[in-house]
Amino acid sequence: MSARNKVLFGAIALGSAAIALSFAQTLRAIPSTEEVKSYSPMQLAQAPTFPLDGTPIYVLRNGTWQEALPIGWGWNSNEGEKYTVRYADDNSTERGVTVDRIRTLAQAQQSGVATNVYDLSSQAGIDQMVDAHNQWRSQVGVGPLRWSPQLANYAQSWADRLAQNNSFEHRQDSPYGENLASSTGRQMSPARVVEMWGNEIQDYNYASNSCAPGKVCGHYTQVVWKSTTEVGCGVARSGNREVWVCNYNPPGNFIGQKPY
């Protein structure tokens, strides 16, 4: 099916959705000026234990380990390292987080604190991607999706191309449905990628089968499209940028049809 036969409820399925996702997920993983301004150049030469490269960490907050992103760092000889972190669950920030409250992703996974993975190279990553889709589908009473290795290879080839070319656009004249997500300065898990798409439900009106004015909701409707039975996804990274692609068979988002 040609891309021109599909719509994202008021926006052609090329461009506008991609721009919105790319903008919303862009994070600058660099030390904040406020966090480091009191330290001398010699002190700042001390390399951070937890790099500000977009790799998630886990922080002990209120007695529980929570996924976070280090976004600022400072050091002095009296207090050692302190970090500014942004928590994944509520997007809140906390300053002055000490090293003893932080675990690397590997440490968190080894200790059982973290079960999320951040790619699709393992069965755990594949299972999390499929489960995340099916959680949204179960909410509206449509059947579960199954993983398709063929679709996954198809999606991976497009993700590789988008990362290599530093571009972000849908594949044209594809016979499959397609959702894209992009992040700069932050590694995302399969569950978080699908959560981004699923959260478009707040801008979707089922009665009128339309998106709220100026909003995009076609990623959500593809996730829950009733006749879709298979999904396959890929992720590619280049520098501090990553691109996720999911393809769906049969495709959804047909003009004039409700998703379920």
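Since we're looking at a predicted model, the values are computed, not measured.

## A word on the overall build of the chain
In terms of helices and strands, the chain carries eight helices and 11 strands. The buried share of the chain, taken over its 260 residues, is 49%. Once local pairs closer than 6 in sequence are excluded, the contacts in the chain between residues at least 24 apart make up 65%. Taken as a whole, the chain presents about 12400 Å² of accessible surface, with 49% of it coming from carbon and sulfur.

## Thoughts on the pairing of strand S10 (residues 230–238)
Across the nine residues of S10, seven count as buried, placing the element largely inside the fold. Summarising the sheet, strand S6 (residues 146–147) and S10 pair through two bridges and their orientation is parallel. When the bridges of S10 are listed, Trp-147 appears paired with Val-231. Strand direction decides the pairing type here: S10 and strand S11 (residues 241–249), joined by nine bridges, are antiparallel. Bridge pairing in S11 links Val-231 to Tyr-248.

## Topic: the confidence of the model for the chain
A residue-level look at the chain finds 82% of positions with pLDDT of 70 or above and a mean pLDDT of 85. A low-confidence stretch, residues 1–44 stays under pLDDT 50, and its non-local contacts, those more than four residues away or across chains, total 95 contacts.

## Some details on the sheet that holds strand S4 (residues 93–98)
Strands sit in the order S4-S3-S2-S1-S5 across an open sheet of five strands; the sheet is antiparallel. Of all strands in the sheet, those bounded by a partner on one side alone are S4 and strand S5 (102–104). Here the strands of the sheet are splayed against their neighbours by 45° on average, with no regard to which way each runs. Here strand S2 (residues 64–76) runs beside strand S3 (residues 80–87); their pairing, made up of eight bridges, is antiparallel. Paired with Gly-74 across the strands is Lys-82, a residue of S3.

## Some words on the side chain of Glu-178
Mapped onto the elements, Glu-178 comes out in strand S7 (residues 177–184). Although Glu-178 is buried, it makes no salt bridge; Arg-171 carries the closest opposite charge, 4.3 Å away. A polar contact of 2.8 Å, which involves the side chain of Glu-178, links it to the side chain of His-170.

## Some remarks on the pattern of salt bridges
All told, the structure shown has eight salt bridges when counted by the stated rule. Taking the shortest distance from any N to any O, the salt bridge between Lys-82 and Glu-79 comes out at 3.4 Å. A relative accessible area of 47% places Glu-79 in the partly exposed class. Salt-bridge contacts for Arg-192 lead to Glu-195; the nearest nitrogen and oxygen are separated by 3.2 Å. Here Arg-192 pairs with Glu-195, and both are found in helix H7 (residues 190–198), just three residues apart, close to one helical turn. Classification of Glu-195 as partly exposed rests on a relative accessible area of 33%. Each of the salt bridges in this network shares a partner with another, and the network as a whole consists of Arg-61, Asp-89 and Asp-90.

So, how was this worked out
Residues numbered from 1 in each chain as written. Predicted model: local features only at pLDDT ≥ 70, side-chain atom pairs only at ≥ 80, totals over all residues. Heavy atoms only, no water. Helix = DSSP H or I, 4+ residues; strand = E, 2+ residues; numbered from the N terminus. Buried < 20%, exposed > 50% of the residue type's maximum accessible area, 1.4 Å probe, protein only. Contact = heavy atoms within 4.5 Å. Areas by Shrake-Rupley, 256 points an atom, 1.4 Å probe, with all protein chains shown as cover. Pairing = 2+ DSSP bridges. pLDDT = per-residue confidence, 0-100. Axes fitted to C-alpha atoms, helices over the stretch in contact; angles between N-to-C directions. Lys, Arg positive; Asp, Glu negative; His and termini not counted. Salt bridge = Lys/Arg side-chain N within 4 Å of Asp/Glu carboxyl O. Polar contact = N/O pair within 3.5 Å; in protein donor to acceptor, adjacent residues only side chain to side chain.

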